[in-house]
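Read off the chains here:
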Amino acid sequence: MLHTINKIGVMTSGGDSPGMNAAVRSVVRACAFHNLECYGIYRGYEGMIDGDFVKMDARSVKGIINKGGTILKSARSKEFRTKEGRAKAYEQLKKAEIDAFVVIGGDGSFTGAMIFNQEYGFPVMGIPGTIDNDIYGTTHTLGYDTALNTVVDVIDKIRDTASSHNRLFFVEVMGRDVGHIALNTGIGAGAEEILIPEEDLGLDRLVESLKRSKQSGKSSSIVIVAEGDKIGKSVFELKDYVDENMSEYEVRVSVLGHMQRGGSPSCFDRVLASRMGVKAVESLITGKSNFMVGLKNDIMDLTPFDQAVKGKSKINMELLRVSDIMSI
């Protein structure tokens, strides 16, 4: 059944990522362009349950395209995981006469939207916002490119001190389930080794590789470790093992943590957010629902929520080969 769309809500959910504000701006202005009303939903699904809505127009989103984080705030909602919570959210949307909404977030946010759509037939579109780039159906998620640039910039600085003191640095980056950030920043920053969840190098092979690097004349080394890497229980366990088996290096650990999520979005993420917001709004207008907007071969495409949630984004195996060649 084709719903008439007059009012669209927009919200950010789950972990924040650079580019979310640019996506909110795009949704709001696309609505204004098509003569639709737009409402910001504060604090994700939690705010939906509470009816925390504010009307937004083209001028209300000025000056936010360059800002990290999210002006609409974000929250994880336990109540929305219950039927009662979703029923409250539906009543609030009906009361505000909101006909559809766009959710900017990750797979957890999309799962919530998918279940909500199944229960109420409520039109919804998703925009992938997560620095991990771990969502199926898009080559780039919002914030991923910015995170790569942030991490490379930090590793460049760490390399300065590593080379000054003949040190080996383990640098832990985000990536619990996939190694996109580690693999790309490792190549971009010239790391000697890259440890990712998809490839189990093994402790002994790691030490052998580091010894070969030392013998080839390298006086310092950078090893990038995705937080989901399977070799050790933690990056500190890796440090202890190398300390015991390689006296040639002073070993240090740097955990970059949440600094990877912050900062002003890159030009790429701003353009991507702008394209995704327009695609999401125009897809809702044409009767599409229960899809995620994604980038495929530089074209905006739609992936059903169930595929986006269940599918697994894969690392580029060619990059692994390039990484091995570059670390010689």
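The text that follows walks through the structure, step by step, so that each part is easy to find. Counting of residues starts from 1 at the beginning of each chain's written sequence and follows it residue by residue. Given that this is a predicted model, residues contribute local features only at a pLDDT of at least 70 and side-chain atom pairs are listed and counted only at 80 or more, while totals for whole chains, interfaces and linings are drawn from all residues. Side-chain measures were taken over the full set of non-hydrogen atoms in the model, leaving aside hydrogen atoms and water.

### With respect to the overall build of the protein chain
Piece 1. Within the protein chain one finds 11 helices and 11 strands.
Piece 2. In this setup the radius of gyration rests on C-alpha atoms only. A globule is expected at 2.2 Å times the number of residues raised to 0.38. Computed over C-alpha atoms, the radius of gyration of the protein chain comes to 22 Å, within 12% of the 20 Å expected from 2.2 N^0.38 for 328 residues, which places it in the range of a compact globule.
Piece 3. Principal-axis analysis of the C-alpha atoms places the extent of the protein chain at approximately 70 × 35 × 30 Å.
Piece 4. Partly exposed residues are those whose accessible area sits between 20% and 50% of the maximum for their type, while under 20% is buried and over 50% is exposed, using a 1.4 Å probe and protein chains only. A total of 328 residues make up the protein chain; the buried ones form 52% of that total.
Piece 5. Contacts in the protein chain between residues at least 24 apart in sequence constitute 75% of all its contacts with a sequence separation of at least 6.
Piece 6. Surface accessibility follows the Shrake-Rupley procedure with a 1.4 Å probe radius. Residue values consider only the protein chains on display as shielding. Total accessible area on the protein chain is roughly 14,700 Å²; 49% of this is exposed by carbon and sulfur atoms. Helix and strand labels come from DSSP, where a helix needs a run of H or I of at least four residues and a strand needs a run of E of at least two; each type is numbered from the N terminus. Should any heavy atoms of two residues lie within 4.5 Å, those residues are counted as being in contact.

### A short note on the packing of helix α5 (residues 144-165) against helix α6 (residues 180-188)
Piece 1. To get an axis, a line is fitted to the C-alpha atoms, and for a helix only the part in contact is used. The angle between two axes follows their N-to-C directions and goes from 0 to 180 degrees. For the pair α5 and α6, the least separation of the axes is 9 Å and the interaxial angle reads 45°. Classed by the angle they form, the pair α5 and α6 counts as oblique. Handedness of the α5/α6 crossing: right-handed. Between α5 and α6, the residues in contact are Tyr-144, Ala-147, Leu-148, Val-151, Val-152 and Ile-155 and His-180, Ile-181, Asn-184, Thr-185 and Gly-188, respectively.
Piece 2. Polar here means any residue other than Ala, Val, Leu, Ile, Met, Phe, Trp, Tyr, Cys and Pro, which are nonpolar, and Asp, Glu, Lys and Arg, which are charged; Gly is therefore polar. For the contact of α5 with α6, a count of residues per class yields 7 nonpolar, 4 polar and no charged. Under this scheme an angle from 65 to 115 degrees is roughly perpendicular, one under 35 degrees roughly parallel, and one over 145 degrees roughly antiparallel; angles in between are oblique. What makes a crossing left-handed is the near helix being turned counterclockwise from the far one by less than a right angle; a clockwise turn instead makes it right-handed.

### A short note on the side chain of Ser-266
Piece 1. Its place among the elements puts Ser-266 in the loop between β9 (250-255) and α9 (267-285).
Piece 2. Filtering out sequence-adjacent residues up to four positions away, Ser-266 remains in contact with Asp-145, Thr-146 and Asn-149.

### Some remarks on the environment of Gly-287
Piece 1. If you trace the backbone, Gly-287 turns up in the loop between α9 and β10 (291-296).
Piece 2. Classification of Gly-287 as partly exposed rests on a relative accessible area of 40%.
Piece 3. Along the sequence, Gly-287 and Thr-4 sit 283 residues apart, while their C-alpha atoms lie 8.3 Å from each other.

### Re the pairing of strand β11 (residues 299-304)
Piece 1. Between any two strands, pairing holds if DSSP finds at least two bridges. Sheet analysis places β10 next to β11, joined by 6 bridges and oriented antiparallel. Bridge pairing in β11 links Phe-291 to Pro-304.
Piece 2. Hairpin remark: β10 followed by β11, antiparallel, with 2 residues in the connecting loop; positive phi at Asn-297, about 50°.

### Some remarks on the pattern of salt bridges
Piece 1. Whenever a carboxyl oxygen of Asp or Glu lies within 4 Å of a side-chain nitrogen of Lys or Arg, that contact is scored as a salt bridge. Applying the stated rule across the entire model yields 15 salt bridges.
Piece 2. Put simply, Glu-119 and Arg-86 hold a salt bridge, and the shortest N to O gap is 2.8 Å. Taken as a pair, Glu-119 in helix α4 (residues 107-120) and Arg-86 in helix α3 (residues 83-95) lie far apart in primary sequence, 33 residues in all.
Piece 3. When the shortest N-O distance is used, the salt bridge between Glu-250 and Arg-252 registers 2.7 Å.
Piece 4. Exposure remark for Glu-250: the relative accessible area of 35% places this residue in the partly exposed category.
Piece 5. Here Arg-252 falls in the partly exposed class, since its relative accessible area comes to 32%.

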